[in-house]
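Chain by chain, the residues run as shown.
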Amino acid sequence: MLRIKQIYELWKRDNLMEQALGNSHAMLERTNRMFTESVKSLRENDGGEIGIDIYEEDQQVNLYEQKVRRKVLKHLAITGTAHVVPGLILTSIVIDIERVGDYTKNITELAMSHPKRLECGPYESEVVRIEEAVRSLFDAIGPVLRAGDQERARSLTEATTWIKKSCDEIVDN
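What counts, and at which threshold
- Residues numbered from 1 in each chain as written.
- Predicted model: local features only at pLDDT ≥ 70, side-chain atom pairs only at ≥ 80, totals over all residues.
- Heavy atoms only, no water.
- Phe/Tyr/Trp six-rings, centres within 6.5 Å; stacked < 30°, edge-to-face > 60°.
- Helix = DSSP H or I, 4+ residues; strand = E, 2+ residues; numbered from the N terminus.
- Buried < 20%, exposed > 50% of the residue type's maximum accessible area, 1.4 Å probe, protein only.
- Lys NZ or Arg CZ within 6 Å of the ring centre and 35° of its normal.
- Salt bridge = Lys/Arg side-chain N within 4 Å of Asp/Glu carboxyl O.
- Contact = heavy atoms within 4.5 Å.
- 1 Å grid on protein atoms, 1.4 Å probe; cavity = no way out; pocket = protein on both sides within 12 Å on 5 of 7 lines; lining within 4 Å.
- Points joined across faces, edges and corners; volume = space filled by probe spheres on them.
- Nonpolar A, V, L, I, M, F, W, Y, C, P; charged D, E, K, R; others polar.

**A short note on the packing of aromatic side chains**
For any two aromatic rings, the description comes down to two numbers: the centre-to-centre distance and the angle of the planes. All told, the structure shown has one aromatic pair when counted by the stated rule. Considering the side-chain rings of F35 and F138, the 5.7 Å spacing of their centres and the 40° angle between planes classify their relative orientation as tilted. Separated by 103 residues along the polypeptide, F35 in helix α2 (residues 15-43) and F138 in helix α5 (residues 124-147) bring together distant segments of the chain. Take F35 and F138: they sit in the same class, and that class is buried. Across the ring face of W162, the terminal group of R129 is positioned such that the distance to the ring centre comes to 3.8 Å.

This is the structure we're talking about:
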């Protein structure tokens, strides 16, 4: 079984996969900016103003996802099945990044329909904790992906499993 570091090195050696990897990093940077601006709009401003065109950013993220998938498929068509696993992993990653972009677009839509700064009442401190954790996660993911650091990736995943649980509990309550 290939380790993440080996997969990353394979991606960097192949021009199509290197381009696809670069596109995935650009997607991550855009979704980070989208998240930052959408949360600022919802949680810090009265009026739902946002400093970027969130719909344009989301379209660009969607285009990057299509480019990555196309490049991965082209790579697999040229090289055969030897590199299916790395291609599937990268495709899975960009699908998740695109989904984050959709979630941030939803945050922006909530900000536009909620004319005042959103305060979360008894959940305020937990929501702030979640926002800070997601910001930290965005800061950490890029370098981990660039380095192909499997242990750090696993550590980030394990360290942030509480976020989903906490969000679910807030929604349920």
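So, next bit.
**A word on the pattern of salt bridges**
Inspection of every chain in the model, using the stated rule, returns 14 salt bridges. Linking E65 and R69 is a salt bridge whose minimum nitrogen-to-oxygen distance equals 3.2 Å. Here E65 pairs with R69, and both are found in helix α3 (residues 54-79), just four residues apart, close to one helical turn. We classify E65 as buried; its relative accessible area is 9%. D96 is the salt-bridge partner of R99, the closest N and O atoms lying 3.0 Å from each other. You can see R99 and its partner D96 sitting in helix α4 (residues 84-113), three residues apart, about one turn around the helix.

**Focus: the side chain of E37**
Tracing the chain through its elements places E37 in helix α2. For E37, the contacting residues outside a window of four places in its chain are I50, G51 and I52.

**Some remarks on the layout of surface pockets**
In this structure, the largest pocket spans a volume of roughly 1,700 Å³. The wall of the largest pocket is formed by 46 residues, among which V100, Y103, V134, L137 and I163 lie closest to the centre. Considering only residue class, the lining of the largest pocket consists of 32 nonpolar, seven polar and seven charged.

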